[in-house]
Amino acid sequence: VDDYGAPLGESERAFRDEVRAFLDRTMPDFADRQGRSSLDVMREWQGRLSDAGLAAVGWPVEFGGRSASPVEQLVFNTEMARANAPEPINRSAINQLGPTIIQWGTREQQLHYLPRILSGEDVWCQGFSEPDAGSDLASLRTRAVLDGDDLIVNGQKIWTSKAHYADRIYILARTDPDAPKHDGISYVLVDLRTPGIEIRPIRQIAGSAEFSEVFFTDVRVPLANVVGPLHQGWRVAHSTLGYERIGQSRTHRIERRLGMVVRLASTTHVDGVARVDEPRVRARLVEFAARVEALRFIASRATAAGVLGRTPGPEASLAKLLTSVVDQEMATFSLDLAGRAGVLVDGSPGAAKGGAVAQGYLVMRAATLGAGTSEIQRNVIGEKLLGLPRSD
Amino acid sequence: MEQSLLDLAAEQDAVDAVRAAAAGVLRRQWAPERLRAMLDDPGPGWAPDLWSTVVELGWPDLLVPEDRGGGGGVAAQFAGLAEEVGRVAAAIPFVTGAVAAWCAGPSLALRTVALAEPRHADDARPRLTAREEGPGFVVEGTKSFVPYGAVAESCVVSAVVAGTDEIVLFVVDTAAADVEVTPLRALDASPLADLEFHGMRLAPETLLARGPAAARLLDGVRARLGLGWASELVGIAAAVHDAATEYARHRVAFGRPIGAFQAIKHRLVDLRGDIEVARALVNRAARAIEHDAPDAEAMVALSTFWAAERLRAVPEGAIQVFGGIGYTWEHDAHLYLRRAAVLTALLPSPTVACDAAMTWLTATR
């Protein structure tokens, strides 16, 4: 019952069984694949999901989805996390771009792009942020000038994840420079192979480059690639941002990491004693488990509230902050747990989890930075939830 | 699907209704300043008048099934009531009273539960011995830190049959001559006591359960006590946090409300996060208890562990936000701090809770 914070109905149980059956027959093929986030694994996983009709369960049936209820989506995410399933390569397009095209796109756009998102044939990245338009997105300066049936795009995007292997990018560009800040913006789909696009990866502290700068110099894009009305892209973008997962996938990420930390503690021995038997380690693990379990419950309550058309409780607004903090703490603690083997990197003899512990430690520095730093989150929660005065 | 979610919503509505009614009663009959007066009074610090009212309203019988003359309430309602009691720092034995009624049936007597023993952490394995003699038992040993032990008329007591590991539960008359009651004086003036049993003779009718049935009943008692106390702590923490937040909105220093300073704002946000985690955990544990789920013990363990770890720190942090005014006798902050400290001491041992949670954690990952 409490796997989902709410009792499951009959159809939800049937759906869960279907997802479990899929995982039972598919996961063995991925069991011994190191580096679960490698591109070919993510691509192949996307394909398997798509073949089973499970790539975008939340989409309407007519576009290849399952019209899954929020509870069924929760079931889907929970089962994927529990099975430690790989990440599909197009997850963000499925969660954000797809629903936006379904809501705002033309019939032609829907028929052309949606199936290619599902199959993973087109991998998408998002081009919203700019060097001077991060939190204050509407001050973006990338321009798109009308030229017959085309737009000519000039400008720069930054912090674009996946740009170095994506096929396409959806961007916001200013199409009417004279309109008020929020009015002259359009939402445009761009093929990354178009002449005039240059992608420069930004190398991060862990050594890899998951983000890029994307430069547009006189890039010609058909007007037919505008999603929603011309100059009304701000409203369209709002849909995209609104489709951001309500912490579900993050909840599953911390569940997965909790399992990893517990297993690491059970399998790491010092002087013949498993670290999981050290009181200090046990206390930390239980403290993590308490937060992860609470966040799981909060997420499922928020889902239930959504289904019933109620406003989620105040705890939902704290979820992002709490999630990123515990995620980072668990990654840091893994480094401590692994001892000296923890700081050894991929390729070194004796590296803990093949270097994944060291790598995770570095990568998780971003948990409290991305999608609004924890300090910004605390300001927003302090002002919106607690009603405290602004800090200027 | 609609059905199950509506059930969930209906259950939540029922909890909200009970809480709202309870808050009204508590507001009319109790105010935290009464606790302040009790601190200066050497007598047992509790509110018999408020207790009579809530007994009439049936609060202690909430968890007793309707066919046994109780309120037929669910664990989530019990947790909600405990939270309301905590919110106003009411000096009544709601948690122990309701748990005693749950396991021993409704009663008009003031009844408590005695599980803790001196220098012994694991309440699931009592050391108080019960020797079978004739038709009944003879009990020998000490129960310590018994909530309301100094004023209770009777008490649910856990023991082990001498020379075995068989658990027995009794309802014991604490006014009897062969129980030595030693009142304790704690930070919140509540009537705690140590109970010493000097070869006390117990008639067969005082036996609630023995053997596996008693072990199960004891598990249920421990789970509900943990849930109740953790919920009461949530209420205490939430109330003092609300007060500190309100203060930070209006108290001006250096030309602006102190809540505009990030040192204050961020502290209040982090404390609120700790409270919401605790609240989610007790709600989760309440559901597990209600459905008799296999992870109920683990969920209670997470709740009490987290409550012990983080909730007393909320009044501590609130006093820091209040500054000097929060250090005065007239301010309510120390009332909440005192209650939080005593409740944290009542909670099951964090080490034992940690073990229970770890057993679940390693089995499920």
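Residues numbered from 1 in each chain as written. Chains lettered and ligands numbered in written order. Predicted model: local features only at pLDDT ≥ 70, side-chain atom pairs only at ≥ 80, totals over all residues. Heavy atoms only, no water.

## Some words on the overall build of chain A
Logical step 1: A tally of regular secondary structure across chain A gives 11 helices and 10 strands.
Logical step 2: What you see for chain A is a C-alpha radius of gyration of 22 Å, in line with the 21 Å of a compact globule of 392 residues.
Logical step 3: Judged by the C-alpha coordinates and their principal axes, chain A covers about 75 × 50 × 45 Å.
Logical step 4: When the 392 residues of chain A are sorted by exposure, 51% land in the buried category.
Logical step 5: For chain A, the exposed surface amounts to about 17200 Å²; the carbon and sulfur share of it is 52%. (Helix = DSSP H or I, 4+ residues; strand = E, 2+ residues; numbered from the N terminus. Rg over C-alpha atoms; globule rule 2.2 N^0.38 Å. Buried < 20%, exposed > 50% of the residue type's maximum accessible area, 1.4 Å probe, protein only. Areas by Shrake-Rupley, 256 points an atom, 1.4 Å probe, with all protein chains shown as cover.)

## Looking at the interface of chain B and chain A
Logical step 1: Taken together, the 47 residues of chain B in the interface contact 54 residues of chain A.
Logical step 2: With both chains or domains summed, chain B and chain A bury close to 4400 Å², and 69% of this area falls on carbon and sulfur atoms.
Logical step 3: As a salt-bridge pair, Arg310 of chain B and Glu287 of chain A come within 3.2 Å of each other at their nearest N and O atoms.
Logical step 4: Our count for the contact surface shared by chain B and chain A stands at 12 residue pairs in polar contact (both at pLDDT 80 or more).
Logical step 5: At the level of secondary structure, the elements contributing two or more residues to the side of chain B that touches chain A comprise α1 (2-29), α6 (212-250), β10 (256-257), α7 (262-290), α8 (296-310) and α11 (350-364) of chain B.
Logical step 6: At 16 residues, the largest contribution of residues to the side of chain B that touches chain A is made by α7 of chain B.
Logical step 7: Of the residues belonging to the side of chain B that touches chain A, the class tally is 23 nonpolar, 11 polar and 13 charged. (Contact = heavy atoms within 4.5 Å. Buried area = accessible area lost by both parts, 1.4 Å probe. Salt bridge = Lys/Arg side-chain N within 4 Å of Asp/Glu carboxyl O. Polar contact = N/O pair within 3.5 Å; in protein donor to acceptor, adjacent residues only side chain to side chain. Nonpolar A, V, L, I, M, F, W, Y, C, P; charged D, E, K, R; others polar.)

## Structural notes on the state of the cysteines
Residue and element names in this part refer to chain B.
Logical step 1: Going through the model one piece at a time under the given rule, you end up with 0 disulfides over all chains.
Logical step 2: Here Cys103 stays unpaired: no disulfide links it, and the sulfur of Cys155, its closest cysteine neighbor, is 9.9 Å away.
Logical step 3: Here Cys103 falls in the buried class, since its relative accessible area comes to 8%. (Disulfide = S-S within 2.5 Å.)

## Some details on the pairing of strand β2 (residues 143-147) of chain A
All names here are of chain A.
Logical step 1: Inspection of the sheet shows β2 paired to strand β3 (residues 150-161) by 5 bridges, in the antiparallel sense. Its bridge partner being in β3, Asp147 is matched across the sheet by Asp150.
Logical step 2: Taking the residues that link successive antiparallel strands as the turn, the β2-β3 hairpin has 2 residues, and the phi of Gly148 there is positive, at about 65°. (Pairing = 2+ DSSP bridges.)

## Let's talk about unusual backbone geometry
Logical step 1: Positioned with a positive phi, Asn84 of chain A is a non-glycine residue whose angle comes to about 60°.
Logical step 2: On the secondary structure map, Asn84 of chain A appears in the loop between α3 (70-82) and α4 (91-104).
Logical step 3: According to the relative accessible area criterion, Asn84 of chain A is partly exposed, its value standing at 28%.
Logical step 4: Its identity as a non-glycine residue notwithstanding, Tyr148 of chain B has a phi of 60°, on the positive side.

## Topic: the pattern of salt bridges
Logical step 1: Enumeration according to the criterion identifies 54 salt bridges over all chains in this entry.
Logical step 2: Put simply, Asp327 of chain A and Arg253 of chain A hold a salt bridge, and the shortest N to O gap is 3.1 Å. Taken as a pair, Asp327 of chain A in helix α9 (residues 315-338) and Arg253 of chain A in helix α7 (residues 248-267) lie far apart in primary sequence, 74 residues in all.
Logical step 3: The class of Arg253 of chain A is partly exposed, set by a relative accessible area of 39%.
Logical step 4: Between Glu297 of chain B and Arg222 of chain B there is a salt bridge whose closest N-O contact spans 3.8 Å. Placement of the pair is Glu297 of chain B in helix α8 and Arg222 of chain B in helix α6, with a sequence separation of 75 residues.
Logical step 5: Exposure remark for Arg222 of chain B: the relative accessible area of 18% places this residue in the buried category.
Logical step 6: Linked by salt bridges that have partners in common, Arg284, Glu287, Arg291 and Glu329 of chain A together with Asp274 and Arg310 of chain B make up one network.

## What to know about the nonpolar core
Logical step 1: Membership of the largest hydrophobic core comes to 145 residues, with the highest contact counts inside it found for Leu285 of chain A together with Trp59, Ile92 and Phe94 of chain B.
Logical step 2: If one sorts the elements of this core by residue count, α6 of chain B sits on top with 18 residues.
Logical step 3: Once residues within four sequence positions are removed from consideration, Trp59 of chain B is found in contact with Ala22, Val25, Leu26, Val54, Leu81, Val85, Ile92, Phe94 and Ala98 of chain B.
Logical step 4: Counting residues in each nonpolar core, the second largest holds 47 residues, with Ala93, Ile117, Leu140 and Tyr170 of chain A among its members. (Core = buried A, V, L, I, M, F, W, Y, C linked by side-chain atoms within 4.5 Å.)

## Concerning the packing of aromatic side chains
Logical step 1: What the rule picks out here adds up to 15 aromatic pairs over all chains.
Logical step 2: Between Trp124 of chain A and Tyr170 of chain A the ring centres are 6.2 Å apart and the planes differ by 55°, which places this aromatic pair in the tilted class. Remark: Tyr170 of chain A occurs in strand β4 (residues 168-174) and Trp124 of chain A occurs in strand β1 (residues 124-127); sequence separation between them is 46 residues. Exposure class is identical for Trp124 of chain A and Tyr170 of chain A. Each is buried.
Logical step 3: Pairing Phe128 of chain A with Tyr187 of chain A gives two aromatic rings, centres 6.0 Å apart and planes at 80°, and the pair type is edge-to-face. A residue pair is termed long-range when its members are at least 10 positions apart, and Phe128 of chain A in the loop between β1 and β2 and Tyr187 of chain A in strand β5 (residues 185-191) qualify at 59 residues.
Logical step 4: We classify Tyr187 of chain A as buried; its relative accessible area is 0%.
Logical step 5: Joined through ring pairs, the aromatic side chains of Tyr113, Trp124, Phe128, Tyr170 and Tyr187 of chain A make up one cluster.
Logical step 6: Positioned over the ring face of Phe215 of chain A is Arg200 of chain A, at 4.1 Å from the centre of the ring.
Logical step 7: Over the ring of Trp360 of chain B we find Arg365 of chain B; its NZ or CZ atom is 5.3 Å from the centre of that ring. (Phe/Tyr/Trp six-rings, centres within 6.5 Å; stacked < 30°, edge-to-face > 60°. Lys NZ or Arg CZ within 6 Å of the ring centre and 35° of its normal.)

## Section: helix α11 (residues 374-384) of chain A
Logical step 1: Buried within α11 of chain A are the following residues: Ser374, Gln377, Arg378, Asn379, Ile381 and Gly382 of chain A.
Logical step 2: Turning to α11 of chain A, the residues buried within the fold contact α9 of chain A together with α7 of chain B.

## Notes on the packing of α6 of chain B against α7 of chain B
All names here are of chain B.
Logical step 1: Taken N-terminus to C-terminus, the directions of α6 and α7 make an angle of 155°; their axes are 9 Å apart at the nearest point. Between α6 and α7, the angle is such that the two are roughly antiparallel. Regarding α6 and α7, the two cross each other, and that crossing is left-handed. Contact with α6, carried on its side by Ala223, Arg224, Leu227, Ala230, Ser231, Val234, Ala237, Ala238, His241, Ala244, Thr245 and Ala248, involves Ile264, Leu268, Leu271, Arg272, Ile275, Ala278, Arg279, Val282, Ala285, Ala286 and Ile289 of α7 and no other residues of that element. (Axes fitted to C-alpha atoms, helices over the stretch in contact; angles between N-to-C directions. Parallel < 35°, antiparallel > 145°, perpendicular 65-115°, else oblique. Left-handed = near helix turned anticlockwise from the far one by under 90°.)

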